[in-house]
Number of protein chains: 4
Amino acid sequence: MKKKHYLSKEIKHIDIKKFDSTPIIEQFEKTAFQSRNLARAAKIFDRMLSDENCSIILCLAGSLFSAGLKKIVYDMIENNMIDVIVSTGAIIVDQDFLEALGFKHFQGTPQIDDNELMKLMIDRIYDTYIDEKQLRICDMTISEIADNLEAVPYSSREFIKFMGKYLKERNTGKNSVVRIAYEKNLPIFVPAFSDSSAGFGLIYHQWKRKNEAKVSIDSVKDFLELTKVKVNSRETGLVMIGGGVPKNFAQDVTVAADILGENAHMHKYAIQITVADERDGGLSGSTLKEAHSWGKVDEGSEQMVFSEATIALPLLVSYVYHRGSWKKRNGKEFNKMLDK
Amino acid sequence: MKKKHYLSKEIKHIDIKKFDSTPIIEQFEKTAFQSRNLARAAKIFDRMLSDENCSIILCLAGSLFSAGLKKIVYDMIENNMIDVIVSTGAIIVDQDFLEALGFKHFQGTPQIDDNELMKLMIDRIYDTYIDEKQLRICDMTISEIADNLEAVPYSSREFIKFMGKYLKERNTGKNSVVRIAYEKNLPIFVPAFSDSSAGFGLIYHQWKRKNEAKVSIDSVKDFLELTKVKVNSRETGLVMIGGGVPKNFAQDVTVAADILGENAHMHKYAIQITVADERDGGLSGSTLKEAHSWGKVDEGSEQMVFSEATIALPLLVSYVYHRGSWKKRNGKEFNKMLDK
Amino acid sequence: MKKKHYLSKEIKHIDIKKFDSTPIIEQFEKTAFQSRNLARAAKIFDRMLSDENCSIILCLAGSLFSAGLKKIVYDMIENNMIDVIVSTGAIIVDQDFLEALGFKHFQGTPQIDDNELMKLMIDRIYDTYIDEKQLRICDMTISEIADNLEAVPYSSREFIKFMGKYLKERNTGKNSVVRIAYEKNLPIFVPAFSDSSAGFGLIYHQWKRKNEAKVSIDSVKDFLELTKVKVNSRETGLVMIGGGVPKNFAQDVTVAADILGENAHMHKYAIQITVADERDGGLSGSTLKEAHSWGKVDEGSEQMVFSEATIALPLLVSYVYHRGSWKKRNGKEFNKMLDK
Amino acid sequence: MKKKHYLSKEIKHIDIKKFDSTPIIEQFEKTAFQSRNLARAAKIFDRMLSDENCSIILCLAGSLFSAGLKKIVYDMIENNMIDVIVSTGAIIVDQDFLEALGFKHFQGTPQIDDNELMKLMIDRIYDTYIDEKQLRICDMTISEIADNLEAVPYSSREFIKFMGKYLKERNTGKNSVVRIAYEKNLPIFVPAFSDSSAGFGLIYHQWKRKNEAKVSIDSVKDFLELTKVKVNSRETGLVMIGGGVPKNFAQDVTVAADILGENAHMHKYAIQITVADERDGGLSGSTLKEAHSWGKVDEGSEQMVFSEATIALPLLVSYVYHRGSWKKRNGKEFNKMLDK
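Report follows, based on the coordinates.

Conventions we followed
Residues numbered from 1 in each chain as written. Chains lettered and ligands numbered in written order. Predicted model: local features only at pLDDT ≥ 70, side-chain atom pairs only at ≥ 80, totals over all residues. Heavy atoms only, no water. Helix = DSSP H or I, 4+ residues; strand = E, 2+ residues; numbered from the N terminus. Rg over C-alpha atoms; globule rule 2.2 N^0.38 Å. Buried < 20%, exposed > 50% of the residue type's maximum accessible area, 1.4 Å probe, protein only. Contact = heavy atoms within 4.5 Å. Areas by Shrake-Rupley, 256 points an atom, 1.4 Å probe, with all protein chains shown as cover. Lys, Arg positive; Asp, Glu negative; His and termini not counted. Charge placed at Lys NZ, Arg CZ, Asp CG, Glu CD. Buried area = accessible area lost by both parts, 1.4 Å probe. Salt bridge = Lys/Arg side-chain N within 4 Å of Asp/Glu carboxyl O. Polar contact = N/O pair within 3.5 Å; in protein donor to acceptor, adjacent residues only side chain to side chain. Nonpolar A, V, L, I, M, F, W, Y, C, P; charged D, E, K, R; others polar. Pairing = 2+ DSSP bridges. Least-squares fit on C-alpha atoms with pLDDT ≥ 70 in both. Expected span 1.5 Å × (residues − 1). Phe/Tyr/Trp six-rings, centres within 6.5 Å; stacked < 30°, edge-to-face > 60°. Lys NZ or Arg CZ within 6 Å of the ring centre and 35° of its normal.

This part covers the overall build of chain A. A tally of helices and strands in chain A yields 15 helices and 11 strands. Taken against the 2.2 N^0.38 rule, which gives 20 Å for 340 residues, the C-alpha radius of gyration of chain A at 20 Å falls within 12% of a compact globule. By its C-alpha atoms, chain A is 50 × 50 × 40 Å across when sized along the principal axes. Going through the 340 residues of chain A one by one, you find that 70% of them count as buried. Across chain A, the fraction of contacts at a sequence separation of at least 24, relative to all contacts at a separation of at least 6, is 79%. Total accessible area on chain A is roughly 10,800 Å²; 46% of this is exposed by carbon and sulfur atoms. The distance from the centre of the 47 positive side-chain charges to the centre of the 47 negative ones in chain A is 5 Å.

The next point concerns the interface of chain C and chain A. With 10 residues of chain C at the contact, the number on the chain A side is 10 residues. Between chain C and chain A, the buried area comes to about 860 Å², and carbon and sulfur atoms account for 50% of it. The largest share of the area that chain C buries against chain A comes from Phe33, Arg279 and Phe306 of chain C, three residues that together contribute 62% of it. Across the salt bridge formed by arginine 279 of chain A and aspartate 277 of chain C, the nearest N and O atoms sit 4.0 Å from each other. Applying the counting criterion to the chain C and chain A interface returns four residue pairs in polar contact (both at pLDDT 80 or more). In terms of residue class, the side of chain C that touches chain A is built from four nonpolar, two polar and four charged.

As a general point, the strands of a sheet are linked pairwise by backbone hydrogen bonds and lie either parallel or antiparallel. With parallel pairing, six strands are arranged side by side in an open sheet as β7-β2-β1-β9-β10-β11 (chain D). Of all the strands in the sheet, the pair left with one neighbour each is β7 (188-189) and β11 (302-306) of chain D.

Attention now moves to the relation of the copies chain C and chain A. Once chain C has been moved 0.0 Å along the axis and rotated by 180°, it coincides with chain A to within an RMSD of 0.0 Å. Those values place the two copies in the arrangement expected of a two-fold rotation axis. Measuring from the rotation axis to each C-alpha of chain C, the shortest distance belongs to aspartate 277 of chain C, at 4.0 Å. Looking at chain C, 100% of its interface residues are interface residues in chain A too, so the copies touch through the same face.

On to the pattern of salt bridges, then. Considering all chains together, one arrives at 124 salt bridges over all chains under this definition. Taking the shortest distance from any N to any O, the salt bridge between arginine 36 of chain A and aspartate 127 of chain B comes out at 3.7 Å. With arginine 36 of chain A in helix α3 (residues 33-50) and aspartate 127 of chain B in the loop between β4 (122-125) and β5 (128-131), this pair bridges two chains. Through salt bridges with shared partners, one network takes in Asp114 and Arg124 of chain A together with Lys289 and Glu290 of chain D.

Below, the discussion takes up the interface of chain D and chain A. At the interface, 63 residues of chain D touch 63 residues of chain A. A combined buried area of about 5,900 Å² lies between chain D and chain A, and 60% of that area is made up of carbon and sulfur atoms. When residues of chain D are sorted by the area they lose upon contact with chain A, Ile203, Ile259 and Trp294 of chain D head the list and together hold 11% of the total. Where chain D touches chain A, the interface holds six salt bridges. Applying the counting criterion to the chain D and chain A interface returns 28 residue pairs in polar contact (both at pLDDT 80 or more). A per-element tally of the side of chain D that touches chain A places helix α12 (residues 244-259) of chain D first, with eight residues. When its residues are assigned to classes, the side of chain D that touches chain A shows 31 nonpolar, 14 polar and 18 charged.

Moving on to unusual backbone geometry. Backbone geometry follows two general trends: most residues other than glycine have a negative phi, and most peptide bonds adopt the trans configuration. One non-glycine residue, phenylalanine 33 of chain C, lies in the positive phi region at around 55°. Among the secondary structure elements, phenylalanine 33 of chain C is positioned in helix α3 (residues 33-50).

Residues and elements named next belong to chain A. Between its terminal C-alpha atoms helix α14 (residues 309-323) stretches 21 Å, which fits the 21 Å expected from 15 residues at 1.5 Å a residue. By the criterion of burial, α14 is predominantly enclosed, with 13 of the 15 residues buried. Count one or two residues on from α14 and you reach glycine 324, which has phi positive near 80°.

All names here are of chain A. Taken in spatial order, the six strands line up as β7-β2-β1-β9-β10-β11 in an open sheet, and their pairing is parallel. Of all the strands in the sheet, just β7 (188-189) and β11 (302-306) have a single pairing partner and so form its edges. Pairing of strand β1 (residues 54-60) with strand β2 (residues 84-87), which is carried by four bridges, proceeds in the parallel orientation. Directly across from isoleucine 57, in β2, lies its bridge partner valine 84.

Taken as a whole, this structure holds 36 aromatic pairs over all chains when the rule is applied. Considering the side-chain rings of tyrosine 321 of chain D and tryptophan 326 of chain D, the 5.1 Å spacing of their centres and the 15° angle between planes classify their relative orientation as stacked. Tryptophan 326 of chain D matches tyrosine 321 of chain D in its accessibility class, with the two residues each being buried. Taken together, the aromatic side chains of Phe200 of chain A together with Phe223 and Phe249 of chain D make up a single cluster linked through ring pairs. Residue placement shows lysine 296 of chain A over the ring face of tryptophan 294 of chain A; its charged tip is 4.4 Å from the ring centre.

The following block contains the structure:
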């Protein structure tokens, strides 16, 4: 079978404006198990949006954008429903930036001969295919961006801003999260930035430079910057999709603020959608109640939802979108504060 | 805290007529992971409903009705969207029949002192509460029904018919699955019938009878009857919520038909919503592809959906309900055939 | 590929006498997460064995014997480490009785063309293969046993006794759990007996009999008998591998005893090995703490272990075997009491 | 209850030399499901150790060292069973380095009032407790180390070397992985280094420095260095405990080598112990077969094991330790190459 055949059915991004999950969520609230938890999480998210003192941090982990959830995040940024993103590199670079360069993700199947895919240079994410050649172009674009920067350490947030600028200048990626975040001065942090297509581009940059000065990515700077966001927010709320580094990183800033001698509250609100299990003691599935022992998350307005994200996130965000509490919010444009 | 306080917030059953999940499912189809799987399952269910030769068997396991999913099944029966139910006893007796007698399930929390609940005679199902005293009334009603029957072996289906008759005669349980199934001659099989509130009532009946003749429940008769349904259907489709005995039992009838020398097809369609994992080799999480090796489920029109049922089932059934393919279907009234 | 090729590598049953997990369990006790839970479960099991008033009920669900865990259960029976078994039908009939008739399970792989397996009449359980033709012989042997019994209702326990007798008379199945249980008067309950190879045999029996009197399997009688075991035991302990009907059935007898007006304690000890999740509200993953609210399991000596059984069970049983607390125990031979 | 009471039962690290899992693993090989998978993984690990051309990369994610698995990793380093570590920061800094400073982890329980823990400054990891005050000392020690370094970008590997040097100079942390890795020139990479106690210390360092030159952590340099390890190894094998960033990072170096124009093989061997599920499309649970489509992992010598790590890892490593294939291996001392 030809490569073209495998890469024929494009993934389309879900548009939560096109349906209103409100009647579903309202009914879910009266039930039990995870539908009730999802409804409760939706109500907490709406409370975050109604709390004028609250900055909202969206944490993203898992192959979310390749699976069609990119536009949901785009719409949240456009409508001032979130103020900060903390993400894995794959979502921001391999998936968002890749699509912003004009490439796509495709429907596939896990019941496939992976050796054949490899020979055709097709990469598989569960039931989704990517053209490895396009991914290489994405890598090299990152390298090119780095080549044109001053050779100093950057936070991932700063570098991602340059990626947004790159897209805007070339007038590409109109549906890109990286680009709209750039345009709306919304910071995107990727604490493990090298662990992505960006890493490939950046090592290529550093490797070419040999002993000359190089661009580097300083994750400490990321942590310091996100802590500044925390310190400059009266209250904060976490909306976490998946676990991993983004969850931990964002939770940690309450403690970080304390270490810098700043008086910061725990995260007042926190919701998480995940299928991770708490019983292996890992961070991804650890309860938000546990996070309270660490002084990270306050009690009372937190909710875990045990659901795969592609089903739960559209219902969650459609609900808060149609509630409209975000209409009174302005973009907090934290990039302006951080770039001073 | 008083018992009344714990038992104050009733679980309300989801009404899938009150929202239309079609635009959600249509978008899910273009994505990846479990939202796409859910969409594919919904389309297969719709194909079952459009296939005039297909009898549809609904398999139920897990605490579904206590969690607010009863009305979904009621609506499926009323609108001829299913032809047979195979269920755990808890759903049919402890949950449906209990509510038909006028009792309720209540919202609770797993973060609770279970010893206090025990002392108050409150039973907990994850985040749901039941009044143990009401459950005992349910048990004793079963006993009373048995007392009034001829002392011979019954299939669970036959006994559940008498439960439906009991409700109808007393004009109670208008929203009961047991009652509407009785009225529409739809068979309900509970292969492990004693493993429920029915078991408590029936052992009480048998224990009182001592050496006299007793009502007994013959699960072999259940299996034979369900096989007859299979043999009398050109094609069959399985809609499985959870795994357990109902899944296995319903899958097995294709082999059973063969053993009786009848020429029966594999189940032509099969969908399952479950969070069970295949990696422990258990039946609940075993793939429908695996079921094909056994000659139980045909290839091509089967789909597993990895989701907790309270979230996925409402979306699934709302979609097929609003598609309306069921409008051309008639009730197959298999009880008439089985009671001959 | 030929059928013979697929069915070439026999599954061998684990012999927990051949290694001593004591030093592992002792170290596990000092750690965290599931290794500590496993150690705690092992200690509770040992306490059950040391408590002379305690009858021990082993609950089995999942494809355990096909996976090589049969001999572990055999050794527990032989050494008076358990007093009752409650199981799924597949384990007792399709797996134990099948092997007792001289057949085998074989190593396979889930990465296989299931259509080819079907054509070759090979059944797959995850990574294990069975010869469907041999399974049919197992079915027909059950039918033959039924044909030779008086046509009255039997508990599954009674029928399984006849299966043991069948094996003994033919001097086959020396490693069979069904046979040694028969020889040691240990009751085996299969509450959903028809949901197995036994079901195939028994419907064949009933179908042939047409309107004549038939053997039937009365699961109410099972429940009543198991309740009698409870009533005749000062204390009880549950050792549960997997969840499903066996877990629920065995837990329920404390309530059943109460309904019969007998004063029975909650299960004093309870351990469970499972990968099921509690978050879907299903019984299989429900915590033993939750079971306390129902008055089924006492607090303080209960432990869930989140592990796939083929890894955890050998470690658990090797520990208690080598501890030797069972040496002071006698077989309780409950079949004698129940057959009176 | 006093803090001292909560922090009274120390976690003890498992010593895999003190028991020999060989007879268990040999029996597991003949069975099915996860015990067989574990045996197969153990055999593949042993093949890695026997392959003189193979560099072995150990990937660590999840709260492994706080749970008692530190000594297992220590023993692997001491006996030249691994050549590189890629880890989360929590394991290396919050857990290993914390203990190296003289502090401990303690047995706790998830059934606890987390608000009380918070007030006592006790942090909870599922069923384990940590003294937050000790963690703060750990943070500040990192800060102190940074204060004494030249203010340039470092790879995490370089910084962790300084942590090892710090321990050695103060003659503390004799059982520390950080220290023995330093002494044996074994590189430890933490691609998301700031996402840990190190992050707290390093932002404190950077914040104090204000506009002066600062130490920074360049994760690109990490990626470049790990790629150099790959390029300087004929073959590589991955031993992955948990998923997350370490799994992805280590898998990626085969592609990274290609981008740098170096001819590097796929990872020839790969095993992973995880409870993550593949069905959410996340990287942690993605199969090694899927990794083959990306050209990262070769076919044939890869194995996933579905088990919580505290149970499976001791069995795995005890087996390879007692097989002794590592005796012919020398330390590869990659730090020497990387520091040139």
